[in-house]
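# Breakdown of the fold
What follows is the residue order along each chain.
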Amino acid sequence: MKTLELIAAGILLTISSTAFADFEKSQYKMVVIEDTPGVEALQSGDVAHGVQMTQSAEADELDTYTRNLNLCVGYTKLAQFNEAEKACSAAVDGALHTSLAASKEIRAYAFNNRGVMKLMKNDNLGALADFKRAVEAKENSIYKHNLTRLETALNSIQTAGL
């Protein structure tokens, strides 16, 4: 059975921006845990199959945190935002309640992904808060990219309204 220590040590991967039109346009990046059931399908663009594989994985193949983190990505890419919100928030909750040394990294994963989901739901302020929490948890180029991109977009909207 995988532990969160092993999962946190996994390589950070970005989801292909060409797999889903809204993601291609937005250029925001999400993360998944490598070498887990359904991830290859999520990355290759077969999102529905990736979600199904992730859901049906046995507990000894996939822990709850990783399942929710990857489902957050899949449901967001499918624009199934009610399901995405449940999975993303469950990943954040799981990350906040772990006592592992790598908890900052897994918190950052979860906040980053939930931020992208919120952005796709047009919750810019919620996305901004989650991106900031991701960067606070663990500075990383992906989280900084998402935060800077959203701050720039929000500032240009504010400036245009003046």
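Parameters at a glance
Counting restarts for each chain: residues are numbered from 1 in the order of the written sequence. With the structure being a predicted model, the display of local features is reserved for residues of pLDDT at least 70 and the display and counting of side-chain atom pairs for 80 or more, all residues being used for whole-chain, interface and lining totals. Remark: hydrogens and water are excluded; side-chain values derive from all non-hydrogen atoms of the structure. Put simply, a salt bridge is a Lys or Arg side-chain nitrogen that is within 4 Å of an Asp or Glu carboxyl oxygen. Numbering of helices and strands runs from the N terminus, with a helix taken as a DSSP run of H or I at least four residues long and a strand as a DSSP run of E at least two residues long. Here's how the labels work: a residue is buried when its accessible area is under 20% of the maximum for its type, exposed when over 50%, partly exposed in between, all with a 1.4 Å probe on protein chains only. To qualify as a nonpolar core, a set must consist of buried Ala, Val, Leu, Ile, Met, Phe, Trp, Tyr and Cys residues joined through side-chain atoms within 4.5 Å. When checking whether two residues touch, look at their non-hydrogen atoms; a contact exists if any pair is within 4.5 Å. Two cysteine sulfur atoms make up a disulfide if the distance between them is within 2.5 Å.

Moving on, we get to the pattern of salt bridges. Taken as a whole, this structure holds six salt bridges when the rule is applied. Its salt-bridge partner being Lys 86, residue Glu 83 comes within 3.4 Å of it at the nearest N-O pair. Taken together, the positions of Glu 83 and Lys 86, both in helix α6 (residues 81-96) and three residues apart, correspond to about one turn of that helix. Using a relative accessible area of 56% as the deciding quantity, one classes Lys 86 as exposed. A salt bridge links Asp 130 to Lys 118; the shortest N-O distance between them is 3.2 Å. With Asp 130 in helix α8 (residues 124-137) and Lys 118 in helix α7 (residues 103-120), this residue pair connects regions lying 12 residues apart in the sequence.

Glancing now at the nonpolar core. The biggest cluster of nonpolar side chains holds 40 residues, and the ones touching the most others in it are Tyr 65, Leu 69, Tyr 109, Ala 110, Phe 131, Tyr 143 and Leu 150. When residues of this core are traced back to their parent elements, those giving at least two are β2 (31-33), α3 (39-44), α4 (47-56), α5 (64-77), α6, α7, α8 and α9 (141-160). Per-element tally for this core: the top contributor is α7, with nine residues. The contacts of Leu 150, once residues within four sequence positions are left out, are Tyr 28, Leu 119, Asn 124, Ala 127, Leu 128 and Phe 131.

With that settled, consider the state of the cysteines. Tallied over the entire structure, the rule returns one disulfide. In this model Cys 72 forms its disulfide with Cys 88; the gap between the sulfur atoms is 1.9 Å. Sign of the S-S torsion, about 80 degrees for the bond between Cys 72 and Cys 88, identifies this disulfide as right-handed. In this pair, Cys 72 sits in helix α5 while Cys 88 sits in helix α6, placing the two residues 16 residues apart along the sequence. Both residues of the pair, Cys 72 and Cys 88, count as buried.

A few words now on the environment of Leu 147. Following the sequence through the fold, Leu 147 ends up in helix α9. The buried category is assigned to Leu 147, whose relative accessible area is 11%. Setting aside anything within four residues of it in sequence, one finds Leu 147 in contact with Leu 128, Phe 131, Lys 132 and Val 135.

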